[in-house]
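Structural overview
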Amino acid sequence: MPETGLEQARTALYAYNPSALLGFPECRWLDAKGAPYELKSPSAVEELAKDIASFSNSTEGGVIVLGIGTRLENGQEILDRLLPFDRSSVDLDQMRKLLRERITPAPRNVSIEWTEHGGPGQGIVFIDVPPQAVGNLPHVVAAPNGKPGQVNPVTVAVPLRESDGTHWLPRTEVQRLLSLGLAVSSAPSRTLHDLVDKLTASDKAEPWYHVGQGAPGREAAFRRAYDGLGGSAVLGEPAGAVNQDGPGLVQHFAAAGDGAGWVLCALPGRPVVAVAEPLWQHLLAVGSGAPGGQALAAVGFPAPAAGGTPTTLLEDAEAIELVEGAWGPGQLTVAIDGEPIWRPTPAIGFDLPRAARNWTADAPTPKLRVRALATLPWAAARELEVTPERRRTLLQALPFCPIAAAVRTLSLRHGIDLPMGAWIPGPHHNAADAVSYSSTGHSEDGAALTAAVMLALPNAMDPAVVSCAEVHLEGTAARPAAPTPARARTRARALWPGRTLLVEEVEETLLAAWRTATGVLPSTVVDTSTPRPWSQPPTVLLQIATGSAHGTATPPLDLLVDLAPFGDSDRAPLTEMSVTVTADPQLTEEERRLLLRRALVRMAQAFGYIDAAEDRF
C-alpha cells in the first residue's frame, strides 16, 4: 500500500488523475464516498456540513472524494475503484451554498471541483478543505436533534476528523476549550454554568475577543472604525480574532439577536471597511472558482470611501468596487435572482493569451485576418460540452450573427458576392469539445472573403473556454517580394481598387467579431444569461494581421488596411497589431464600442502611431 501525503493527493486531484488515489487508505485527511451527497435528503445535507466542518477543524484540512469505492482490509477502508457518476446528479453550486449556510463560521477557500472520468458526462467530485485560520476555530454545525431537515437554532456541535472517521467533540471537551479560550483572552477560568450565565446575561457580558485583537499594528484603526460605526449596538461583538485573508486583515462580528453579523476588513495603508456578513459571503462566492479556492486573494477587498472615513456596506448595496485582488480591479453586483456576480473593471493591455495562435495554421494563408479571440476561464469549465442540440441551434443562428452581418456589409462595399447562410464545417475540427464553421464568398477577380467561428473547451494546455470570430480577406493582388516603400504601397492600393479596408471597417468588423466570440459562441456550452463564477478574469484579444504562403514575403499591414487616420509610424512595415482587453463579456453595445475605440488607439500608439487619437477616425 503506497505511502502518500495530503499534498500529493491534492496534486493528483488537481491534475485530473483520480486513479492515482486508488490504494490509499482513508485517514484523518482523506475520505471517500461511492456516490455524491443526495442533497434532496435533509440527512445528506447534514452529513455534508458535518464532513466539511470536521476537516475544517483539523490542523491540515483534507479532501473528500465522491465517486471512489472502498474495500475493508485489516480494519481500514482502502480506496479501491472509481465509480463515476452523471454530471447531472450533482449540483456543485448548491454544495458551495450549503457549506456557507450550514457551517459557522463558513470555512474559507474550500474548493469543490468536478473531474471528468469514464466517458462524456461522467466523472467524480472532490472537495478540498484547506487549513483554517486559528482565530476562526472551531467550525460548528447545528447539533443533531433527531429531526432531519430542521436546523436547531440554539445548540451547536463540533465535528472532528479522527483517523478515518468523523466524530463529535464530547461536551466535556467543548467546555474545556471554551474555558481555555476565556483564559487566553484574559478572563478567569470558570465552570460551564458560569460560562452560560455570562453568555446569557447580555447586560453584563464581556466579549471573548476584543476589537482588533491579533493585529497589533492596526488595532487602533479597527477600534476607531468600530466605535465610529456604532460599536456593539450596530456591529455586535467580535466572533474571533483578526486574521490575514487574501490581501488584507479581517475580523468577524456576531450581531445581537437574529442579525446576520458584520465583517471589518482593511487593506494595508487603507481605512477600515465594515461589510454586512451576507455581502461578505457574496465576495467569497464570486471568487470561489479561483485556483486553490483563494477567493479574497483573487477578487480583493471592498474599496474604502475617499477621505479616510470608515465605510459601511449593507447587504442591499447595488455595486461594490473591489481592489487589490490578483484579478485586478473589479465590481461585485447581485443579480435580480440574488446570485452574486464579479465583473472586471475594463482594462487594456498587451499580454497575449495562451491561445493567441490558435486556429492560425489556415491553408491557404489569408492575406488579411481580422479577429477577436475570447478567453473565458469559467470555474468548473471542464464539465462543459457541446451538445448536438446546442450545435444545431448555433448553426441556425450563424447566418444572422454579428460577424455574418459584418462580412455581408464588407462584401457589398468591396464587390464580393457572399450570400448569407452558406456556413459549412471547418476549416478546423468539430467534436464534443470543439466548434469550427466558416462561410466564404468569391468575386469575379478571384478575391475571397471568409467569416469563420471557432470554439474549444478546456484541455491539458489551456483550462479556459476559448472562442474566436474572424474575417479573412484573400485576393489576387501581387504580393510584394520585399518590404514596399510607402509611395509604392500607395500605388499598389491603386492597382487593387476596393480591396483596402478603412480603419472604420476594421473597427466595425472587430466589434462584430467581439460580440460573436463572447455572446453567440459561448451559448453552445452555457446559458449566457446566467452568471457563472470565474477562475481568472475574462479577456478578448483584438488582432489585425497579414499573411502569405510559405516562401513568399508577407505584405505590410498598411497595404491592406488604410492606417492613414492614425498618422505616421516610425516602425518598419508592420504585419500585425494586437491589443488585449479585460472586460465582462456581457457589456452593453455602447460600452463595447467605446472600449473598442480606446483599445484601437492604444494599440496604434503602442505600434508607433504616436499621434493616434479617437477623434481622428
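Residues numbered from 1 in each chain as written. Predicted model: local features only at pLDDT ≥ 70, side-chain atom pairs only at ≥ 80, totals over all residues. Heavy atoms only, no water.

Before going further, it helps to examine the packing of aromatic side chains. Taken as a whole and assessed by the stated rule, the structure comprises seven aromatic pairs. Measuring from ring centre to ring centre gives 5.0 Å for Trp 327 and Trp 342, while their planes differ by 65 degrees; the resulting arrangement is edge-to-face. Separated by 15 residues along the polypeptide, Trp 327 in the loop between β19 (319-323) and β20 (330-334) and Trp 342 in strand β21 (residues 340-344) bring together distant segments of the chain. With respect to class, Trp 327 is no different from Trp 342; both count as buried. Here the aromatic rings of Trp 378 and Trp 534 are separated by 5.7 Å at their centres, their planes lie at 15 degrees, and the arrangement is stacked. (Phe/Tyr/Trp six-rings, centres within 6.5 Å; stacked < 30°, edge-to-face > 60°. Helix = DSSP H or I, 4+ residues; strand = E, 2+ residues; numbered from the N terminus. Buried < 20%, exposed > 50% of the residue type's maximum accessible area, 1.4 Å probe, protein only.)

Attention shifts here to unusual backbone geometry. With an omega of -15 degrees, the peptide bond between Thr 104 and Pro 105 qualifies as cis. Counting through the fold element by element, Pro 105 comes out in the loop between α3 (92-102) and β6 (111-116). Of note, the amide linkage connecting Gly 426 to Pro 427 takes the cis form, showing an omega dihedral of 10 degrees. Summarising the element assignment, Pro 427 is placed in the loop between β24 (424-425) and β25 (434-442). The backbone phi angle of Asn 109 is positive, close to 60 degrees, even though this residue is not glycine. Positive phi, close to 60 degrees, is recorded for Trp 359, a residue that is not glycine. Within the element layout of this structure, Trp 359 appears in the loop between β22 (347-349) and β23 (368-376). Residue classification places Trp 359 among the buried positions, given a relative accessible area of 15%.

Let us look at the packing of helix α11 (residues 402-413) against helix α13 (residues 503-520). One way to put it is that α11 packs onto α13 with a least axis distance of 7 Å and a crossing angle of 160 degrees. Regarding the angle of α11 to α13, the classification is roughly antiparallel. Where α11 approaches α13, its residues Pro 402, Ile 403, Ala 406, Leu 410 and Arg 413 are matched on the opposing element by Glu 505, Thr 509, Ala 512, Ala 513, Arg 515, Thr 516 and Val 520. In terms of residue class, the contact of α11 with α13 is made up of seven nonpolar, two polar and three charged. (Axes fitted to C-alpha atoms, helices over the stretch in contact; angles between N-to-C directions. Parallel < 35°, antiparallel > 145°, perpendicular 65-115°, else oblique. Contact = heavy atoms within 4.5 Å. Nonpolar A, V, L, I, M, F, W, Y, C, P; charged D, E, K, R; others polar.)

Turning our attention to the sheet that holds β20. The strand order β17-β19-β20-β21 describes an open sheet built from four strands, whose pairing is antiparallel. Each having just a single partner strand, β17 (301-302) and β21 make up the two edges of the open sheet. Examined bridge by bridge, β17 and β19 share two bridges and lie antiparallel to one another. Opposite Phe 301, over in β19, you have Val 323 as the bridge partner. (Pairing = 2+ DSSP bridges.)

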